[in-house]
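# Structure assessment
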Amino acid sequence: MLWHVDEDSVLRITFDRKGDKVNLLNADILQELDHLLQDVAGRTDLKGLVFQSSKPGMFLAGMDIEQIASVNDSARAADGARQGQAVFQRVADLSLPTAAAIGGTCLGGGTELALACDFRIAADDDKVRMGLPEVQLGIIPGFGGSQRLPPLVGMPAALDLILTGRMIDARRAKRIGLVDRVVPAAYLEREAVKLVLEASERGVDSTTRAIRPSRFKETLMARVGPLRRYVLDRARRAAEGKASPEHYPAPFRALEAVEAAVTRPLPEGLDVEARIVGELIPSRTSKNLMWLFKTNTDLKSDTVREGEVPPRKVRRAGVLGAGIMGGGIAQLVAEKGIPVRMKDIRYDSILTALQTAQGLWEKRVRRRKITRREADRRMALIAPTLDDTGFAHADLVIEAVVENLEVKQQVLAAIEQRIGERTIFATNTSSLPITDIAARALHPERVVGMHFFNPVHRMPLVEVIRGRQTSPEAVATVRSLAIRLGKTPVVVKDGPGFLVNRILSFQMNEALRLLAEGVRIEVADPAMKAFGMPMGPFRLLDEIGLDTARHVGEVMTAALGRRAEADGRILDALVAADRLGKKNGKGFYRHGKGDEPQLDPSVYKLIGEPTPRDLPPETIQERLVFAMVNEGANCLEEGVVREPRDVDMGMVMGTGFPPFRGGLLRHADRVGIPIVVDRLSRLADAHGERFRPSELLQSMVRNQQRFYPVG
Ligand code: NAD
């Protein structure tokens, strides 16, 4: 943090964290700010105060999560919030006019500081993102944000921002009243100074400046009991539609804070806020969400560490196969401004891929996220072709043709004749070994796996797969490109199902066995949803496609042997009856357009009417989840991934494993490894050797180890 008094007698406080692109608050900075503000309060020579940043595209990204995450005690957590509140209250209490000049990211504590100022002024720039994302970390804003936002923008807009944690751009911030002015980026600081000087001239006192009157409708909503309750109830229902209060308490606690903001004096409201923050910070949900956030940031960091090979910069790319995946990948690559040549052997596929890409951009134009010109520019970056020309200058070619080893080898052989000296060949195969695909390649060291998930633009994970001969440069390049595309990369060793599909297939297999034993789909699917999975295993099988699932099952069994063996009869029966899942409208469920899929009871007849059997949800969860834990441990033991965090991020990002549980292995730690091993042994005795605890788990019990250090 730097400060100086400018020629207009305005104090300029500049956030300028050394050696980082991001400005963050921490206890030291808050203390420094506190001292500075105490001095300022006594000075009569100043005409105003402007908060600004020296970093392009960045105002202040909030409190350093490491510091919050290290607190395990409610009283200390609440105290921390009170200290921050007190510093920001000093800003609000200054008799000088104050302004925040927001030229970029302004989140959490950044927004809360801005809220404590008299004025907020933002640059008319895409980089400006404002919000209070605390709920996404399992907490609520703790430095006065939950109290100052509602009176400023009204309850509905404040609830929307605080309960979802979403970010808004400068224009939207202006529309809802969060910022007072939006000005060209080049004039941002000058305009902020002008604003405080004008206020100083007018000589208005700080109480009239601090909280401006909300619009009439918003005031009415806050003041009239039944209206207020109606607004809060509506927000509560919206939050319940997204998550359960038991698993994700923060949005529900935020409702309490917002209610306090509009019904109680500020000091009381701040106290409510601090108490809630104090209760949430040490909670399991918040600890796990913060851990995931930190781990995700780490995995997405593109810094080349010592001893690592630097990636090649991808300036031009190619995509082979313009189907569901290839089309999606080409769109994403173009979205990031990289020119991409896209080949398919079928004209229809190319047409569909281009139309789908166009559709995605159109949607963003309609939502005013991008201009039409930008959409057109991105579209023009995709150059379609029906032959192998135009790939010579590509730094990387991503193959996404049909899942067939022969075809993939042929496609690779053909393109190797056409690509440059160092072009990397990345395959998006979901089940074929990279080493096999590269078996006949001229340059197997340049062949690497880049496994996207469907739908490409939405799913956040990319598995980067190292084949036996893959070079470190190829791995580094694909990893770096994945990060540039906004994805979280997890590097995995070549092997059946790589990481995510391998572990997931153990859940599927077990679910199919339960069904064969008579457990009903209408019991099993809700049991796993109650555990926190985004959908139950049978719904998921329908999504994947039952023929595809059967094929993956075969690959897994061939590679891993009996422990991975599925009871094939059920999938065989459904596929034979042309029930392939969502793709043809019928599987375990019936899938209508837009409707919630309905379970189709005729499936029981098709699979031979197993005698219905009741199992409590906990037993179902235990079988399915512990089957995955065991396989996760096997993956670590075999070196499929290096660290437990790779398994956990893979499962959360690739399958939606409940984030509040922090991932598969963190969940196992929480249950207790000795208990997991004991249960697995009992399951093995009752249901078969596939449950026998992995060597790694057993040795962890012997050595009293966990996957992660306590805390
Ligand atoms: P798809 O059937 O939608 O598309 C495959 C495309 O490849 C078709 O358009 C076809 O015309 C084209 N093609 C076939 N031979 C070709 C050749 N020689 N040259 C150029 N194009 C050729 O399949 P998809 O779902 O997009 O899957 C593609 C790859 O991605 C597969 O390896 C699949 O396993 C993998 N994958 C799929 C998913 C998924 O959920 N669909 C997820 C991850 C990975």
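Reference entry: report on the structure contained in this document. As the structure is a computational prediction, the values presented were derived from the model and not from experiment.

Here the focus is the nonpolar core. Counting 96 residues, the largest nonpolar core has F51, F88, I102, M130, L149, L159 and L178 as its most contacted members. Excluding residues that lie within four positions of it along the chain, I102 makes contacts with F59, A114, R120, I121, A122, A123, V128, M130 and L188. Counting 92 residues, the second-largest nonpolar core is a separate cluster that includes F506, V640, L665 and F691.

Take the layout of surface pockets next. Leftover empty space is mapped by rolling, across the atoms, a probe with the size of a water molecule. In this model, the second largest pocket occupies a volume close to 580 Å³. Forming the walls of the second largest pocket are 25 residues, and the residues nearest its centre are E308, V475, R479, V491 and R642. Counting residues per element, the ones that place at least two in the lining of the second largest pocket are α14 (284-299), α20 (472-484), β18 (488-493) and α28 (644-655). The leading source of residues in the lining of the second largest pocket is α20, at 5 residues. Class assignment for the residues of the lining of the second largest pocket results in 10 nonpolar, 5 polar and 10 charged.

A sheet is described by the order of its strands in space; here 6 strands give the open sequence β1-β2-β3-β5-β7-β10, paired in mixed fashion. In this open sheet, the two strands that pair with only one neighbour each are β1 (2-5) and β10 (181-183). Each strand axis lies, on average, 20 degrees off the axis of its neighbour in the sheet, ignoring direction. When strand β5 (residues 98-102) meets strand β7 (residues 119-123), the two strands line up parallel, connected through 4 bridges. Within the sheet, the bridge partner assigned to A99 lies in β7 and is F119.

Here we take up helix α11 (residues 225-242). Here α11 spans 26 Å end to end across 18 residues, near enough to the 26 Å set by a 1.5 Å rise per residue. Those residues of α11 not exposed but buried are G225, R228, V231, L232, A235 and A239. The buried residues of α11 occupy one face: seen down the axis, they fall within an arc of 135 degrees. Facing away from the buried side of α11, by more than 90 degrees, are the exposed residues P226 and G241. In the core, the buried residues of α11 are packed alongside α6 (155-164), α10 (216-223) and α12 (250-263).

Thresholds, definitions, all that
- Residues numbered from 1 in each chain as written.
- Predicted model: local features only at pLDDT ≥ 70, side-chain atom pairs only at ≥ 80, totals over all residues.
- Heavy atoms only, no water.
- Core = buried A, V, L, I, M, F, W, Y, C linked by side-chain atoms within 4.5 Å.
- Buried < 20%, exposed > 50% of the residue type's maximum accessible area, 1.4 Å probe, protein only.
- Contact = heavy atoms within 4.5 Å.
- 1 Å grid on protein atoms, 1.4 Å probe; cavity = no way out; pocket = protein on both sides within 12 Å on 5 of 7 lines; lining within 4 Å.
- Points joined across faces, edges and corners; volume = space filled by probe spheres on them.
- Helix = DSSP H or I, 4+ residues; strand = E, 2+ residues; numbered from the N terminus.
- Nonpolar A, V, L, I, M, F, W, Y, C, P; charged D, E, K, R; others polar.
- Pairing = 2+ DSSP bridges.
- Axes fitted to C-alpha atoms, helices over the stretch in contact; angles between N-to-C directions.
- Expected span 1.5 Å × (residues − 1).
- Arc of directions from axis to C-beta.

Functional significance is not addressed by these values, which are geometric in nature.
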